[in-house]
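# Structure at a glance
Spelled out, the chains give:
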Amino acid sequence: MGYKILGVTLARSGSKGVKQKNIKNLCGHPLLSYTIYAAKKSKLISRYVVSTNSKKFKNICLNYGANVPFLRPEKLSKDNVWSRDALKHAVINSERYYKEKYDYVVELPATAPLRDYRDIDKAINKLIKKKSDSVIGVSRVFDKHPIRIKKISNGKLDDYNKTLKEGESSRRQDLPSCYVRNGSIYAMKRDLIVKKFSRKGKISLPHVMDSTSSINIDENIDFYLAETLIKKGYSNNFPASIFCDQKVKRLGFGKIKILVSYPYIIFEKVLKNMIFKNVQFVFCEQKNIFNLKNEIKDNVFAWITSTNGEKIISNETINNFKNLKHILSPSTGLTHISPHLDKKIKIHHLDKNIVKKIMASSEFSIGQIINLSRNTLKSPEIVKEGNWRNKEILLRGHELGYFKFGIFGLGRIGKNIAKFLNLFNYDISYFDPYIKINKFKKYTKISNFLRSINFLIVTAKLTKETKFFFDKKKLNYLKKYSRILNISRGEIFNQKDLQNIIKKKFFIFGTDVLSEESSILKRKNSFINYFRINDDLVITPHMAGLTYESETKSITIILKKLKKILNS
């Protein structure tokens, strides 16, 4: 378009209705971060700033990628100050700071977390193309329509609108169209706010939005409604904190730089008991490595990586590092690293013989077996809802002795699970072409194996043979009402086939892993979207191995590997 458009969010501290509303935690992120995400994703806003009076708010905004070029004076941050005063201050001071004059201004209140970039750009487009003075976000009113509004006179209830006959205001579909300003978008010509001191010009047009996008956080009930809608997948805003220089930590002063994207709290504890000469460990979250300074990037020799699934390590990632020779992963699986790296980089990870003493995943699996058989994961929500044994039909489950357990892949974790179940003399069989243990019944034909069980436990390693192994045909061998627990890798299941058959055969499916885990935080994983509206799934966020003890053992092993590499 060629126009300079300034986006502004006013985010003062000290709100009273909902305390510290603008930074209140909403599904893991401060409220204003949802607006920051929407503004940054806009294709038309040329510069975006947040105006705040708080240094704390400023640091939070910076961490989510917003510009905060100045702090708003306290005299413009009080309860009785009009927002137009603060907005005019933000525009004038942004122009001074950036030495540029804007054509249009769009104010984006922090209190509209479900308004996304598409609504912002539609409003700006209308403002420019229709040559209006302003465009304001509105939503249609139904239940609170003016026709339905009452007044109390001398203790009696009466209509505000006396022109209606009795019953005319009762049918929602008959109500004339009526709209309310929803507090989400105020797009305007720059001179309207700066010279005429207003956000609504002579020619003011509406941008009509649906009721979900129009939610404005004014009271606690609005906050809880927004929280529920976001959890149910109705938000297109996916805020994420970004890189900040102060978040890069360093240990040691050596010339050899080792990049560490593994949690600092675990790493530091282990490192205290080990000595590395001429080495400097540089700690940075994996999602932020693109923002590392070149001085670090150009000198990284090895990278101890995280396995949190936020981003797969690909050629795009490693091409940032000119001298990277080794990647060390404190995991047995490597699905977080692309198998098609161009550079000759050696990949090191935990081999199965070393990790025999790590019991976290095995213990977690046993807990999930009990959860899937007894419906225990539903019980906290039932209590929170104010219910108790009156909901026992939802809580009634089975004793483990009811099930015929089948373990697919009798490796380290599979054996540990089998040993536990065997303590109680439960019915256990397994399918694994490469292992034979006489204590348990072995099947050599997968169809016979699946037909004989009603609780499938998948612990096999992901290989070319096992990738998408459980498809529609194989899943159909299982009995109706079977339980399935996947503690291996999401790619072992064809998730589309699994999703289609769960309802058909009344399976209860539990998993700690999914295919394409890197897509989950972007809200693009179809299985997660299915999970939000179905009660027959129990999904945990790849946390089976997430214990202090297991991670300490894993990092210790990886650091010993690093020592051997440096000494070779």
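See above for the structure.
## Digging into the overall build of the protein chain
Scanning the protein chain from N- to C-terminus turns up 18 helices and 23 strands. With 568 residues in all, the protein chain has 50% of them scored as buried. Side-chain charges in the protein chain split into 107 positive and 50 negative, and the spacing between the mean points of these groups amounts to 5 Å.

## Side note on the sheet that holds strand β21 (residues 483-486)
Overall, parallel pairing links the seven strands, which are arranged β19-β18-β17-β20-β21-β22-β23 in an open sheet. Taken across any chain shown, the strands that pair with only one partner, and hence form the sheet edges, are β19 (441-443) and β23 (537-539). Going across the sheet, the axis of each strand differs from the next one's by a mean of 15 degrees, ignoring polarity. Where strand β17 (residues 404-408) meets strand β18 (residues 427-431), five bridges bridge the pair, whose relative direction is parallel. If you follow I407 over to β18, its bridge partner there is Y430. The strands that helix α10 (residues 360-374) touches are β17, β20 (455-458), β21, β22 (508-511) and β23; relative to β21, the one it contacts most, it runs at about 155 degrees.

## Topic: the pattern of salt bridges
Oppositely charged side chains are able to pair whenever their charged atoms sit close together. Enumeration according to the criterion identifies 14 salt bridges in this entry. Put simply, E95, R190, D191 and K195 are held in one network by salt bridges that share partners.

## A look at the nonpolar core
Counting 30 residues, the largest nonpolar core has I36, I45, Y48, V50, V106, L108 and I124 as the members making the most contacts within it. Looking at this core, the elements with two or more residues in it are α1 (31-41), β4 (47-51), α2 (55-63), β5 (104-107), α4 (117-129) and β9 (179-189). Looking at which element gives the most residues to this core, the answer is α4, with five residues. When neighbours within four sequence positions are excluded, I124 is seen to be in contact with I5, L44, I45 and V106.

## A word on α10
Taking 1.5 Å per residue, 15 residues should reach 21 Å; α10 reaches 21 Å between its end C-alpha atoms and fits that length. Burial within α10 is extensive, with 11 of its 15 residues counted as buried. Of all the residues in α10, the buried ones are A360, S361, S362, F364, S365, I366, Q368, I369, N371, L372 and S373. Downstream of α10 by a residue or two, N375 has a phi angle that is positive, lying close to 60 degrees.

Rules used throughout
Residues numbered from 1 in each chain as written. Predicted model: local features only at pLDDT ≥ 70, side-chain atom pairs only at ≥ 80, totals over all residues. Heavy atoms only, no water. Helix = DSSP H or I, 4+ residues; strand = E, 2+ residues; numbered from the N terminus. Buried < 20%, exposed > 50% of the residue type's maximum accessible area, 1.4 Å probe, protein only. Lys, Arg positive; Asp, Glu negative; His and termini not counted. Charge placed at Lys NZ, Arg CZ, Asp CG, Glu CD. Pairing = 2+ DSSP bridges. Axes fitted to C-alpha atoms, helices over the stretch in contact; angles between N-to-C directions. Contact = heavy atoms within 4.5 Å. Salt bridge = Lys/Arg side-chain N within 4 Å of Asp/Glu carboxyl O. Core = buried A, V, L, I, M, F, W, Y, C linked by side-chain atoms within 4.5 Å. Expected span 1.5 Å × (residues − 1).

What is shown is where atoms sit, not what they do.
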